Amino acid sequence: MEKSSKDFEVNKHASDEARRRWRSAMVADLDKRTEVENEKRRIQEKMRVVLYVQKAALHFMDAAGPLEYKLSEEVRNENFGIDPEDLASIVRGHDIKRLNLHGGAEGIARKVSVSLNEGVRSCSLATRQTIYGLNHFTEKAPRSFLMFVWEALQDLTLINMIYTVVSISVGIATEGWLNGMYDGLGIILSIFLVVLVTAISDYKQSLQFRDLDKEKKKIIVQVTRDGSRQKIPIYNLVVGDVVHLAIGDQVPADGVFISGYSRLVDESSLTSEVDPVSVNEKHPFLSSGTKVKDRSGKMLVTGVGMRTEWGKLMETPSDGGDEETPLQVKLNRVATISFAIGLSFAVLTFLVLVVRFLVEKALKNEFTHWSSSDALTLLDYFAAAVTVVVVAVPERLPLAVTLSLAFAMKKLMNDRALVMHLSACETMGSASCICIDKTGTLTTNHMVVERIWICNKVQDISGNESKSNYELEISERALSILLQAIFQNTSAEVVKEKEGQNSVVGTPTESALLEFGLLLGGDHDAQQGQFKILKVEPFSSDRKKMSVLVAFPESGVRAFCKGTSETVLKMCDNVVGHNGEPIVPTEGLVKKTMHIINGFAHAALRTLCLAYKDLDANASADNIPDSGYTLIAVVGIKDPVRPGVKEAVRTCLAAGITVRMVTGDNINTAKAIAKECGILTHNDNAIEGPEFRKKSLDEMRKIIPKIQVMARSSPSDKLTLVTHLRNMFGEVVAVTGDGTNDAPALHQSDIGLAMGIAGTEVAKESADVVIMDDNFSTIVNVIKWGRAVYINIQKFVQFQLTVNVVALVISFASACISGSAPLTAVQLLWVNMFRDTLGALALATEPPNDELMKRPPVAKGASFITKAMWRNIIGQSIYQLIVLGILNFDGKRLLRLTGSDATKVLDTVIFNSFVFCQVFNEINSRDIERINIFKGMFDSWIFLGVMVSTVAFQAIIVEFLGTFANTVPLSWQLWLLSIAIGSASMVVGVILKCIPVESTLKPRHHDGYTTFPSSIT
């Protein structure tokens, strides 16, 4: 059985055809999903055609002359100067002429009563939402509770309806109308109870997933309102808002460009065009749902919600059913095979009974004489066969995965981890390697300038950050150049908060530099107003520098550059001297500068170099030079290691997970941080990106297992490392990322982890899990929950297959030997409920424990049902079959049962003993390999609640529902016997766990640790 499920391995990069093969058992969602995707593509193509038609129509209208423009009374009464649909259509149609007719962005701002500097007034928000609409999209209505009831009915209806009809027919024929209806009514009531419990369980899961979906859609945007910078949810945007966009942001609504530096926008999600579009004064339109690929700026919102093209796209069907996870597909396969086995046994049971009946009639010479009692006998045989099928179908097996994942995802959301894709939760439990960023994940991402080298002198800034002013020991001219380099060449801003205080907004590095400039007494607004910015080249992972070209108030042009030490130093020919004049550095000064940079790096400081170059007034404003600069200063920025990171790394290493730091920092800085975190064990295990990418495939195969730190890496280096780890070594790789350029590596990895605070929307969209607090310890928690999900499902499968095997064999054997099944339909439905729904609730929702992180991860491609599980299933099944078989065939004599109700008492004892065997075996299943099964049990309220509920309802069935369940009340001695038989399975469990099933020779992982020990190959 398990071998067949192992043949269906797949990952998130598989083709549609591979996924179809993967879902060959009981899975039909992919065609629907593909149909939905094709529908979206068709709509995107229609949008492109509509845009072209709109443009053509507008050109025609322009040729015919301007149309008379009229305002609706509602708009005019609120003092707005443009109708909502007219405003929205300008951006949807990319109509630059109509935009210019309205006066461009400034004219539109006047017509929607907003100042581009002050933004929207809070008092007008309600009016704007009434006139121009809300930034919400039409969504598919959630499924109601009754729909879950209907689905639960479909799971049970077919087989049990047949059984009910057969039961009522046989009952009425043999016992009369009143008594004959009891069995049928009992079945109907049991179905009602099972359906109700199942529907409630599924409905609660859907509510959890709905909450998670809402969390996924929460996007925070920065706007200017009431004259101050504010962060608001995307759904609170209104027409007239001034939105600040940066690299990697999702455009939250339709709008027009206000200011910035020629942004590049990815519109592929809307139009399927792969080439980014440049947005500037000539092409100022921004569409909702697109992504900012490069540069930053501001936009004016002109259309929200369903008045955007993105809103119209969201009207299409958005799902094709929930994506099955690898475990669900494996268990679907197991369920299908179980059904096939059950059906075979049922057919065989029916054939054996019929053949035996025919042989008996032939021996009595009654083969040609048939009566109504013979027909009823055959009907009884058919009922026995249907019983076997009912027992054999574990219809809730794959849904246990959903229950466990929903529980884990909810807990992880509370622990600041947002799971974007269901399968990531279980895949994370198999992670064998984590490629992790340094900044913000291992460190706090709160940066401050700690040291600076300027004018051939190192000055320590640490301890002075709280001062209102700090004086460097340099000349006025040198200080002036330094402040210009800080304030002119920056993407950070000094903004006024809602409370009226000034704060710095930008990336941590940019903010640290800008705060340092303010500490030195610089005036940001004065500096910004004094110079005119001609061109900006923002920082990127490829360029590793940011450059700007500015014009002086009188005349002259100056270029500023800042970036990594290696990048900027290559561009410099001079260095700022004591009096602020550029001087040619001596060989000794060059060596000293390198020594200073290495010293900063060894102290775990991020090093940046600032430089400038004066140009002629006639210099081209289109190009910023790449050489001939004068080095101003080397800045050392401190980013402290997060508390608890060292312990988290130690936990990963103990769990057989290799932690690799991949960073763009100087190699000495990276080494210092990695040693502090416990990642780097030897200096030879660190490499720089440029050196790594020069290696041949054979060389990479030798060095990749040793790499613990990769410094000065580019996004392509990270992608190469991840690809080779997966393909060369079969690793299950988790990758962290926060930038737009990290998206390929996040997508290529088995588990992409995006940062929730520092991460861009592009990175989050490519990720499987969003770490909301950017903390490495949270990643370790995700791994722990992933392992818990895998182990919990294994526990549940072991428990359920044991119930299936015992019930199937005893029903088959009893039917063939005695001609009837020992368990009635009502009893089987109760067994089904505590086996499926209650069993999943008890075993599949157990929280993780620290022991899970003391063993290596599950090997890629390992069989789900392990040798230890087979040992427990077979051992417990043999014990239960022996005991229940003895009771079934010799119970009356052993228990000294006499009287007219002896058979009913015996059947009740068998039923009671069978249930208690499963109750105690459920406790046994809490740990597959360890003898101590009680550890943590009393901390799991769900498990205890299920146990108490099962025992209590079993007592009610036996003592009070005998008419429907075909039971009779038992004496206290027989109750004790049933409990003793059940509890003995715990002794059997101890004996079984002492039987070794694994090889003593454990295979070694290429990184040196021992692989997970308990899987069938």
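Above this text you will find the structure in question.
Residues numbered from 1 in each chain as written. Predicted model: local features only at pLDDT ≥ 70, side-chain atom pairs only at ≥ 80, totals over all residues. Heavy atoms only, no water.

A. Layout of helix α36 (residues 972–993). Helix length check: α36 (22 residues) gives 32 Å between terminal C-alpha atoms against 32 Å at 1.5 Å per residue, within 8%. For α36, the set of buried residues is Leu974, Trp975, Ser978, Ile981, Gly982, Ser985, Met986, Val988, Gly989, Leu992 and Lys993. All buried residues of α36 lie within an arc of 160° about the axis, which places them on one face of the element. Facing away from the buried side of α36 by over 90 degrees, the exposed positions are Trp972, Val987 and Ile991. (Helix = DSSP H or I, 4+ residues; strand = E, 2+ residues; numbered from the N terminus. Expected span 1.5 Å × (residues − 1). Buried < 20%, exposed > 50% of the residue type's maximum accessible area, 1.4 Å probe, protein only. Arc of directions from axis to C-beta.)

B. Layout of the packing of helix α33 (residues 902–924) against helix α34 (residues 941–960). At a closest axis distance of 11 Å, the pairing of α33 and α34 adopts a crossing angle of 180°. One element, α33, and the other, α34, form an angle in the roughly antiparallel class. Of the residues in α34, those touching α33 at Thr908, Phe911, Asn912, Val915, Phe916, Val919, Glu922 and Ile923 are Phe943, Val946, Met947, Thr950, Val951, Gln954, Ile957 and Val958. Its residues assigned to classes, the contact of α33 with α34 shows eleven nonpolar, four polar and one charged. (Axes fitted to C-alpha atoms, helices over the stretch in contact; angles between N-to-C directions. Parallel < 35°, antiparallel > 145°, perpendicular 65-115°, else oblique. Contact = heavy atoms within 4.5 Å. Nonpolar A, V, L, I, M, F, W, Y, C, P; charged D, E, K, R; others polar.)

C. The arrangement of the packing of aromatic side chains in detail. According to the stated counting rule, one finds ten aromatic pairs in the structure shown. Each ring, one from Phe407 and one from Trp785, has its centre 6.0 Å from the other, and the planes form 65°; the classification is edge-to-face. One end of the pair, Phe407, is in helix α15 (residues 397–414); the other, Trp785, is in helix α29 (residues 776–818), with 378 residues separating them in the sequence. Relative to Phe953, the ring of Trp830 has its centre 4.9 Å away and its plane inclined at 55°; by these criteria the two rings are tilted. (Phe/Tyr/Trp six-rings, centres within 6.5 Å; stacked < 30°, edge-to-face > 60°.)

D. Expanded view of the nonpolar core. Core analysis: the biggest nonpolar cluster contains 123 residues, and Ile434, Ile751, Phe776, Ile779, Ile793 and Val797 have the highest contact counts within it. The leading source of residues in this core is α29, at 17 residues. Once residues within four sequence positions are removed from consideration, Val797 is found in contact with Leu331, Leu397, Phe864, Ile865 and Met869. Counting residues in hydrophobic clusters, the runner-up holds 41 residues, among them Leu125, Tyr132, Val301 and Val304. (Core = buried A, V, L, I, M, F, W, Y, C linked by side-chain atoms within 4.5 Å.)

E. Quick peek at the sheet that holds strand β5 (residues 263–266). Taking strand neighbours across the sheet as the criterion, the three strands line up as β6-β5-β8 in an open arrangement whose pairing is antiparallel. At either end of the open sheet lies a strand with only one pairing partner, and these are β6 (277–279) and β8 (291–294). Averaged over all neighbouring strand pairs, the angle between strand axes comes to 45°, with direction disregarded. Bridge count for β5 against β6 is three bridges, and the pairing is antiparallel. Each bridged residue has a counterpart across the sheet, and for Leu264 the counterpart in β6 is Ser278. (Pairing = 2+ DSSP bridges.)

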